[in-house]
Amino acid sequence: MSGNGTPLLEIRNVSKYFGSVIALEDVSAFVRAGEVTCLLGDNGAGKSTLIKVLSGVHKPTKGNYFFDGVEQSFNSPRDALEMGIATVYQDLAMIPLMSVWRNFFLGSEPTKGWGPFKSYDSEFAKKTTKEEMAKMGIDIRDPDQTVGTLSGGERQSVAIARAVYFGAKVLILDEPTAALGVKQAGVVLKYILQARNRGIGVIFITHNPHHAYPVADHFVILRRGLVYGDYTKAELPLEQLVQMMAGGADLEALQHELEQAAREGGAEAESLAETAQAIESELDELDELGDE
Amino acid sequence: MSTDTAPAPGAAPPASDERLREVSRASRLLSRPELGAVVGAILVWVFFAIVAFDNNFISWATTAAILNRAAPLGILAIAVALLMIGGEFDLSIGSIVGFAGMTIMVLSFPTDGGGFGWSLWPAILVALIVALAVGWFNGFLVVTTKLPSFIITLATLFIFRGLTIALTRLRTNRTQLGNLDEVSGFGLADTLFASQFTIFGARFRVAILWWVGLALVATWVLLRTRQGNWIFGAGGDANAARSVGVPVNRVKIALFMTTAFAGFLVALIQAVQFTGADTLRGFQQEFEAIIAVVVGGTLLTGGYGSAIGALFGALIFAMVQQGIIITGVDGDWFQVFVGTVLVVAVIFNNFVRQKAAQR
Ligand SMILES: Nc1ncnc2c1ncn2[C@@H]1O[C@H](COP(=O)(O)OP(=O)(O)O)[C@@H](O)[C@H]1O
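Residues numbered from 1 in each chain as written. Chains lettered and ligands numbered in written order. Predicted model: local features only at pLDDT ≥ 70, side-chain atom pairs only at ≥ 80, totals over all residues. Heavy atoms only, no water.

**Q** What should I look at first to understand the overall build of chain A in this one?
**A** The helix and strand inventory of chain A stands at 10 helices and 12 strands. Within chain A, buried positions represent 47% of all 292 residues. For chain A, the share of sequence-separated contacts (at least 6 apart) that also reach a separation of at least 24 residues comes to 67%. Summed over all atoms, the accessible surface of chain A reaches about 13,700 Å², with 51% contributed by carbon and sulfur. (Helix = DSSP H or I, 4+ residues; strand = E, 2+ residues; numbered from the N terminus. Buried < 20%, exposed > 50% of the residue type's maximum accessible area, 1.4 Å probe, protein only. Contact = heavy atoms within 4.5 Å. Areas by Shrake-Rupley, 256 points an atom, 1.4 Å probe, with all protein chains shown as cover.)

Written as structure tokens, this is what we have:
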């Protein structure tokens, strides 16, 4: 499933300047269909800028953008979306007071009838929402439930399911696990794998190596606008990834952080490990399904 | 309830599933925005039915009086409800009533009195176009300046009330024009907008049909069309809606034009009914309409509400007004009553909504 074929989406030697500010310099990255590429980086590393380049908000100052082997130059996010490059932002495009099914189809409502009697095909919308969510492994008891009553993880999953349903070939996820607790983050990671198993190329942006590691096929680590490292999973043990993410800070700060983590993060680290384990087994299961 | 409730082997899961559905149906009813207004309307009716029993509150005549009173306010409230669900305010709607009414009057008034001497229907058409243009102007200013619509329409409230008074006086030297029934084309307009029908000896105005008809159309649009979904989306979170392709600006401008249309319709109904208009017509009706909408369960912050709620909100308003008139309570107390009803209704609605969200 992995390692074969040309990249679905690729950027080569991309730079982005804002006046004198160098936000990205000579960044290359790619994602293949049915793979997860993880973009890691601390605050200010240039992650948001890179997402905006990938999703068509910004044009790169230098460098090339390929989709399906063809060079692209997007003028707006809509251009990218039409090619099948969907971005799910951290502050989701979801309306809390609207029901799940109305949110799911907002902006692309199915209709029936004609002329002035054309109406919103709500039965189709409800049925499809339920089905699509079920495909992602989420049981929406009641599609009339408002999105505001869903948990953060469930909300992210609705957004992912929606992007997949509307034909996303590449899914760009901007820190989908950042605001979530350990358990909820696990839920979202599971859907990332689900999307991947459906043959979608996933670009997963995060600053948390523990979230990245269980799902990614390869890692691109950004630091100060530069690619600091580009590894496949086989090349990079988790410990090294964690170290690398912390490596930017000077030794003293690192030590301080580690001490603090040891002091108060013991319980959290443990539960994280648990989640990671759960996800790994889930991953195996999915791999089996995917290979059938 | 059903005949085959005998527990067949392995039938347990569907039974529990059924129970889940029943619960969610009950809470779904509770979460309807208009619930508070429907309950409120019943309570207010019962209150006056008891207090004003000797004043014949329970009668066809009183019922007709209440509905006749509620209709024009209700027409405005339904349009305002759509706009408020879409996340905007329109304080200028009362001024649009005045402006559209005087446009009809001045255009159709005899030339020797300072008017233009048109026949009625062209005058109506021009008033409609003018009203829609004002609505478009409101919407355009709001979406381009990104200022709160509260401010923009507060400005247009004054601008168009002022224009109504100034232009009418400039042209005709008066603030009141009458004798619309002498203008050609009045007969048809009278039938469409001001006729009455008698049920059980009480006279109901045709405006009631416009009111109820608009409520039904608005409800259909809100719940059963793409545009309705866009209205909820635009009001719920304009940026989120925009990012999934909802034409938020167009939706908002269309909503301002809808409230302006409602203002025009009320102006027309009243001009025909009273065979004239004055420059202060519609004064403060924007507040009454907003009160009816809020009592009807629509959120001030947008994204949530209903047209049926606005219909009942207008009904409550009219019942209180009529109840106070027939019980002979000094009319000075009316505003105290309205304010109280507003606060109680909003608190009640918030309470209901929170309950519904907690399931
Ligand atoms: N529109 C912009 N104008 C000027 N500088 C910008 C702009 N966007 C981002 N930057 C700069 O680019 C750098 C990378 O920022 P960003 O992409 O937001 O990083 P991250 O998302 O990893 O935290 C920062 O130093 C930021 O100040």
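**Q** Explanation requested: the side chain of Thr129 of chain A in the structure shown.
**A** All names here are of chain A. Mapped onto the elements of the fold, Thr129 is located in helix H4 (residues 122-135). The buried category is assigned to Thr129, whose relative accessible area is 0%. If sequence neighbours within four positions are ignored, Thr129 has contacts with Val100, Trp101, Phe104 and Phe105.

**Q** Looking at this model, I keep getting lost on the site of the ligand. Mind explaining?
**A** Residue and element names in this part refer to chain A. For the ligand, the full set of nearby residues is Phe18, Val21, Ala23, Asp42, Asn43, Gly44, Ala45, Gly46, Lys47, Ser48 and Thr49. Within the contact set of the ligand, an oxygen atom lies 3.0 Å away from a backbone nitrogen or oxygen of Gly46. With respect to the ligand, the backbone of Lys47 contributes an N or O atom lying 2.7 Å from an oxygen atom. Surface burial for the ligand is 59%, taken as the share of its 560 Å² of free accessible area covered by protein chains. Of all the elements in the fold, those that place two or more residues in the shell around the ligand are strand E2 (21-31) and helix H1 (47-54). For the shell around the ligand, the element with the most residues is H1, which contributes 3 residues. When its residues are assigned to classes, the shell around the ligand shows 4 nonpolar, 5 polar and 2 charged. (Near = heavy atom within 4 Å. Polar contact = N/O pair within 3.5 Å; in protein donor to acceptor, adjacent residues only side chain to side chain. Nonpolar A, V, L, I, M, F, W, Y, C, P; charged D, E, K, R; others polar.)

**Q** Even after reading the chapter, I still don't get helix H5 (residues 120-145) of chain B, so can you show me in this structure?
**A** Along an α-helix, residues three or four positions apart point the same way, because every turn accommodates 3.6 residues. All names here are of chain B. For H5, spanning 26 residues, the distance from its first C-alpha to its last is 37 Å, which sits close to the expected 38 Å at 1.5 Å a residue. Against the buried residues of H5 lie helix H4 (93-108), helix H6 (149-172), helix H7 (186-193) and helix H11 (248-273). Looking one or two residues beyond H5, the residue adopting positive phi is Lys146, at roughly 60 degrees. (Expected span 1.5 Å × (residues − 1).)

**Q** Can you help me understand the pattern of salt bridges in this one?
**A** If the charged atoms of two oppositely charged side chains come close together, the side chains can form a pair. All names here are of chain A. Scanning all chains against the criterion turns up 9 salt bridges over all chains. Between Glu10 and Arg12 there is a salt bridge whose closest N-O contact spans 3.3 Å. Using a relative accessible area of 16% as the deciding quantity, one classes Glu10 as buried. With a closest N to O distance of 4.0 Å, Lys47 and Glu175 form a salt bridge. Placement of the pair is Lys47 in helix H1 and Glu175 in the loop between strand E9 (170-174) and helix H6 (182-197), with a sequence separation of 128 residues. (Salt bridge = Lys/Arg side-chain N within 4 Å of Asp/Glu carboxyl O.)

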